[in-house]
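# Residue-level structure breakdown
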Amino acid sequence: MAEQGGRQAEHEDGVLTRIGQAIMLHRAGDREEARNRLAALWQEIGPRGDAFHRCALAHYMADTQDDPRDELYWDLRALEAAECFVTDRSARSGAAGGGPAGAARSAGGPGPGARQPLAALRAFFPALHLDLAADYAGLDRPADARAQLRRARASIRALADGEYRRRLTAAIERLELRLEGAAGPFR
């Protein structure tokens, strides 16, 4: 039995490692190969796979898209997986528990290396909503963008004060200005 648990942990770590490798390819400028690897991993994980893995993968898959509608599609998949994970975990545990995230992605927020996925995903919600807001803004859907910004602002309150929270708050403010017609780059 212990051997089976060890193999499962090894598989899960392998999935997170492969997501991380694709992220590194994307950040190095190989967007297409990153997208191809994430797509293959998405097929491997499947629709009933681990929600934490699906959230992380879909979030990063969105970043590799060329078409804004495809980016929105993947960001919606990421949010859906995160909500499913939090709901399932909370229902199973009977409480909303969860401790601090075990790791942070290099940008300073929760990422696929987190050891406590429930807390990591909860901390990830402001970024997920912010990404959706940016997608909607880019697709000229300002009402949807504003709705996601409200959700991002509401979920950011749960974050501890720090660099990650400050960066997200600044990005929310920049997108709000952009939606109000003020010129300026977002992100």
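This structure is a prediction, so every number in the text was calculated from the model and none was measured.

What counts as what
- Residues numbered from 1 in each chain as written.
- Predicted model: local features only at pLDDT ≥ 70, side-chain atom pairs only at ≥ 80, totals over all residues.
- Heavy atoms only, no water.
- Helix = DSSP H or I, 4+ residues; strand = E, 2+ residues; numbered from the N terminus.
- Buried < 20%, exposed > 50% of the residue type's maximum accessible area, 1.4 Å probe, protein only.
- Areas by Shrake-Rupley, 256 points an atom, 1.4 Å probe, with all protein chains shown as cover.
- Expected span 1.5 Å × (residues − 1).
- Salt bridge = Lys/Arg side-chain N within 4 Å of Asp/Glu carboxyl O.
- Phe/Tyr/Trp six-rings, centres within 6.5 Å; stacked < 30°, edge-to-face > 60°.
- Lys NZ or Arg CZ within 6 Å of the ring centre and 35° of its normal.

Moving on, we get to the overall build of the protein. When you go through the protein residue by residue, the secondary structure sums to seven helices and zero strands. Reading the protein from its N terminus to its C terminus gives the helix and strand order α-α-α-α-α-α-α. Here the protein holds 187 residues, and the buried ones make up 41% of them. Accessible surface for the protein amounts to roughly 10100 Å². Of this, 50% is attributable to carbon and sulfur atoms.

Next up on the list: the environment of Glu173. Within the secondary structure layout, Glu173 lies in helix 7 (residues 163–179). We classify Glu173 as partly exposed; its relative accessible area is 39%. Along the chain, Glu173 and Arg153 lie 20 residues apart, while their C-alpha atoms are 9.7 Å from each other.

The next point concerns helix 3 (residues 51–63). For an α-helix, 3.6 residues make a turn, and residues three or four places apart therefore share a direction. Taking 1.5 Å per residue as the helical rise, helix 3 with its 13 residues ought to reach 18 Å, and the 19 Å between its terminal C-alpha atoms agrees with that figure. For helix 3, a buried count of twelve out of 13 residues is recorded, marking the element as mostly surrounded by other parts of the structure. Residues of helix 3 that are buried include every one of Ala51, Phe52, His53, Arg54, Cys55, Ala56, Leu57, Ala58, His59, Tyr60, Met61 and Ala62, and no others.

Attention now moves to the pattern of salt bridges. Once their charged atoms are close, side chains differing in charge can pair, the charge on each being opposite to the other. Per the counting criterion, the structure on display carries 13 salt bridges. Here Arg37 ties to Glu33 by a salt bridge, and the two come within 3.0 Å at their closest N and O atoms. Here Glu33 and Arg37 lie together in helix 2 (residues 31–45), a separation of four residues that amounts to about one turn. Given the relative accessible area of 40%, Arg37 is considered partly exposed. Linking Arg166 and Asp161 is a salt bridge whose minimum nitrogen-to-oxygen distance equals 3.6 Å. Each of Asp161, Glu163, Arg166 and Arg167 takes part in a single network of salt bridges with overlapping partners.

All chains considered together, the criterion is met by three aromatic pairs. Residues Phe52 and Phe85 carry aromatic rings whose centres are separated by 6.3 Å and whose planes lie at 50 degrees to one another, so their mutual orientation is tilted. Here Phe52 is found in helix 3, whereas its partner Phe85 is found in helix 4 (residues 68–93), with 33 residues between them in sequence. The pair formed by Phe52 and Phe85 is uniform in burial state, with each residue classed as buried. By the ring-pair criterion, three or more aromatic residues cluster together here, those being Trp42, Tyr73 and Trp74. When the ring centre of Tyr73 is taken as origin, the NZ or CZ atom of Arg77, which lies over that ring, is 4.6 Å away.

Distances and angles like these do not, on their own, reveal function.
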